[in-house]
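# Observations on the model geometry
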Amino acid sequence: MMPNFSVRCWTQHMIGVTGTLTGIQMSNVRTRIAPSPTGDPHVGTAYIALFNLCFARQHGGRFVLRIEDTDQARSTAESEQAILDSLKWLGLDWDEGPDVGGDFGPYRQSERMGIYRQYAEQLVKEGHAFYCFATPAELDQMRQEQMARGETPKYDGRSLALSYDEVQRRLENMEPHVIRMKVPHQGVCEISDMLRGNIQIDWAQVDMQILLKADGMPTYHLANVVDDHLMEITHVIRGEEWINSAPKHQLLYQYFGWEMPTLCHLPLLRNPDKSKLSKRKNPTSILYYQRMGYLPEAMLNYLGRMGWSMPDEREKFSLYDMLSEFDINRVSLGGPIFDTEKLRWLNGCWIREELDADLFAQRLQNWAYNRETLMPILPHLQQRVEILSDVAPIASFLVSGMLDLSEDRFLRESKLEKSELLKLLQFALWRLEALRHWQRELIFEEIKLLATQLEVKLKDFLAPLFVAIAGTSASISVMDSMVFLGPDLSRARIRHAIEVLGGVSKKQTKKLEKDYAQLGKAAQGKDA
RNA sequence: GUCCCCUUCGUCUAGUGGCCUAGGACGCUGGCCUCUCACGCCGGAAACAGGGGUUCGACUCCCCUAGGGGACGCCA
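Because the structure is a prediction, the values reported are computed rather than measured.

Taken as a whole and assessed by the stated rule, the structure comprises 37 salt bridges. In this structure, the salt-bridge partner of Lys316 is Glu354, at a minimum N-O distance of 2.8 Å. Residue Lys316 is found in the loop between helix 10 (296–304) and helix 11 (319–325), and its partner Glu354 is found in helix 12 (residues 340–354); the two are separated by 38 residues along the sequence. With relative accessibility at 22%, the residue Lys316 sits in the partly exposed group. Given the relative accessible area of 41%, Glu354 is considered partly exposed.

Each pocket or cavity is described by its volume, and for the second largest pocket that value is around 910 Å³. Around the second largest pocket, the lining comprises 28 residues; the ones closest to its centre are Arg280, Lys281, Asn282, Arg495 and Glu499. Going through the elements one at a time, helix 9 (286–292), helix 12, helix 18 (418–434), helix 21 (478–500) and helix 22 (506–527) are the ones with two or more residues in the lining of the second largest pocket. No other element matches helix 21, which puts five residues into the lining of the second largest pocket. Of the residues that constitute the lining of the second largest pocket, the class distribution is 11 nonpolar, seven polar and 10 charged.

The environment of RNA strand B is formed by 52 residues, the closest being Thr70, Arg196, Lys213, Gly307 and Glu313. Counting only atoms of RNA strand B within 4 Å of the protein, the sugar-phosphate share comes to 78%. Asp71 places a polar side-chain atom, nitrogen or oxygen, 3.1 Å from a sugar or linking oxygen of RNA strand B. Here a base nitrogen of RNA strand B and a side-chain polar atom of Glu315 are 3.2 Å apart. Looking at the surface near RNA strand B, the elements with two or more residues in it are helix 5 (136–148), strand 4 (178–181), strand 6 (197–202) and helix 12. Of the residues forming the surface near RNA strand B, the biggest block, four residues, is contributed by helix 12. Considering only residue class, the surface near RNA strand B consists of 17 nonpolar, 15 polar and 20 charged.

Turning to the state of the cysteines, a few remarks are in order. Evaluation of the coordinates by the stated rule reveals zero disulfides. Cys54 provides the cysteine sulfur closest to Cys264, a residue in no disulfide bond, and the two sulfurs are 12 Å apart. The buried category is assigned to Cys264, whose relative accessible area is 0%.

Attention now moves to the sheet that holds strand 7 (residues 210–212). Taken together, three strands build an open sheet; the order of strands is 3-4-7 and the sheet is antiparallel. Strands with a single pairing partner mark the edges of an open sheet, and in this sheet they are strand 3 (129–132) and strand 7. For this sheet, the mean inter-axis angle between neighbouring strands, taken without regard to orientation, is 40°. The pairing of strand 4 with strand 7 spans two bridges and is antiparallel. Bridge assignment links Arg180 to a residue of strand 7, and that residue is Ile210.

Two strands pair when backbone bridges link them, and strand 5 (residues 188–193) and strand 6 are joined in this way by six bridges, in the antiparallel orientation. Of the residues in strand 6, the one forming a bridge with Ser192 is Asn198. Connecting strand 5 to the next strand, strand 6, in antiparallel fashion are three residues.

Ranked by size, the top nonpolar core spans 104 residues in total, and within it Phe410 and Phe461 carry the most contacts. Ignoring any residue separated from it by four or fewer positions in sequence, one finds Phe461 in contact with Leu424, Ala428, Ile447, Leu450, Ala451, Leu454 and Val456. In terms of nonpolar packing, the next biggest core, distinct from the first, is built from 48 residues, Val167, Met208, Leu222 and Phe256 among them.

Cut-off values and rules
Residues numbered from 1 in each chain as written. Chains lettered and ligands numbered in written order. Predicted model: local features only at pLDDT ≥ 70, side-chain atom pairs only at ≥ 80, totals over all residues. Heavy atoms only, no water. Salt bridge = Lys/Arg side-chain N within 4 Å of Asp/Glu carboxyl O. Helix = DSSP H or I, 4+ residues; strand = E, 2+ residues; numbered from the N terminus. Buried < 20%, exposed > 50% of the residue type's maximum accessible area, 1.4 Å probe, protein only. 1 Å grid on protein atoms, 1.4 Å probe; cavity = no way out; pocket = protein on both sides within 12 Å on 5 of 7 lines; lining within 4 Å. Points joined across faces, edges and corners; volume = space filled by probe spheres on them. Nonpolar A, V, L, I, M, F, W, Y, C, P; charged D, E, K, R; others polar. Near = heavy atom within 4 Å. Polar contact = N/O pair within 3.5 Å; in protein donor to acceptor, adjacent residues only side chain to side chain. Disulfide = S-S within 2.5 Å. Pairing = 2+ DSSP bridges. Axes fitted to C-alpha atoms, helices over the stretch in contact; angles between N-to-C directions. Core = buried A, V, L, I, M, F, W, Y, C linked by side-chain atoms within 4.5 Å. Contact = heavy atoms within 4.5 Å.

Here you go:
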């Protein structure tokens with residue numbers, strides 16, 4: 001993680017300022033960001049965090065970071081660390097969280113395991129929830145049948161029919177089970193949103209949500225309600241993808257007899273095609289933007305322009321500026337497209353206007369132009385230069401963003417046909433997207449395996465990869481280059497290469513996916 | 001498919017019933033500055049999704065239609 005001193009400085013300063021303010025105008029406003037550590041730090045998380053932070057501070061309240069790691073299969077410590085680091089890099093600071101502690105801890109749901117079951121069982125005792133013994137496969141079949149009949153897939157209440165004795169017997173037998181909440185069969189649920197007013201949803205649309213999973217972990221729905229209550233969260237500001245779950249949450253608050261926080265659903269960040277921002281179509285990892293050389297101030301500034309504007313409409317503003325002018329009513333509800341072109345322009349403004357030559361030099365050093373970063377790659381360069389000035393031309397791709405590629409270049413450097421190249425690059429991309437640990441040996445193994453599976457000589461397989469990553473096959477080791485560039489930039493370059501070659505249509509993707517799945521099977525067959 | 005949310009230039013947005021001949025910004029484009037480029041400055045093209053109401057008056061309020069998005073998991 002690259003430290004950023006100037007940002008840290010003024011954020012510290014801000015804490016000082018708000019700290020004094022709270023003394024005068026005490027407020028009990030508490031907001032939270034609750035990321036799930038299951039992948040790369042997402043710009044959407046930062047966006048929601050920013051608005052939660054602004055809202056809390058503006059009211060002299062507190063902003064909490066809580067880790068929602070109830071998905072045991074997918075949550076990782078590395079992901080959690082990356083999320084924390086990324087948010088800090090951006091200059092976002094929380095008053096309570098797993099790293100800084102607080103009076104309402106622990107702030108990691110896996111460490112709060114003990115508390116959820118009792119709440120779920122309390123609901124069972126009070127008749128608001130029930131044990132369910134249906135297996136995932138059974139439910140899958142149920143949903144398929146419902147879909148076939150043209151119905152909305154929904155839990156049919158099968159375990160509700162079980163007698164008390166039957167349930168007890170099965171529990172004593174230690175049969176795998178979950179706890180589900182009961183939901184009214186009819187009527188309308190009215191939820192209130194700070195920005196959208198009242199929203200009405202038929203109870204018939206609401207599923208009997210699982211509260212406690214078979215592994216004893218709570219689902220988001222239970223954990224989020226219990227923790228928001230125990231952590232005294234007053235305002236839940238989250239993405240609009242949660243609107244349809246709000247009735248469940250409201251019902252849980254009612255069952256428990258707790259006061260419900262005020263809800264506020266922000267519009268979702270979008271891809272250029274208007275769909276929800278996704279890494280398939282747009283870089284979504286904060287690490288990507290960091291590696292590309294965006295300034296954290298500019299990133300945060302841009303996220304603040306998503307669905308929000310300053311009263312005087314100024315484009316460039318710091319977190320401090322935003323904090324002092326923040327008004328959540330200025331949020332506009334249309335889903336904003338994350339436009340990297342405008343972000344780029346804004347970043348340029350920050351570089352030109354906020355940095356003198358000295359600070360600019362510091363940023364460059366912190367970013368990549370430093371001994372520690374360059375060291376691993378220097379031996380490779382040393383082999384192929386004769387004079388020192390040979391270094392810059394052959395190493396420039398290592399400190400560049402997207403390369404200026406052409407279809408022609410790929411065809412010249414490879415003997416494969418265009419469709420073959422596309423397939424090869426797409427498969428390589430999928431393999432590398434699935435790779436959890438970005439290490440030289442692991443990358444190499446994936447590539448080698450893929451070449452074998454496709455029955456392409458490694459040399460031929462590597463050629464287009466060289467062009468995608470380095471712009472030419474006359475370059476240093478493509479594996480080492482990818483390690484140096486990191487996963488986000490490497491994957492982005494391969495995606496870019498695919499685009500340059502004309503891209504892959506939806507139809508083609510389907511076919512490729514099928515072929516790709518076959519590869520896996522063939523490999524498994526060989527192994528066995 | 002069902003339900004929910006949303007809808008101002010290509011994009012981000014201003015607009016909370018008269019100030020709108022709809023403003024700003026990115027991008028595009030013409031020019032100026034200038035050893036080139038970039039920056040900067042000046043100018044241009046570019047939008048209220050459509051239809052009904054309400055009102056003396058609708059970008060603004062209501063309804064319908066259309067379009068877009070989201071949700072429908074033992075993921076969050």
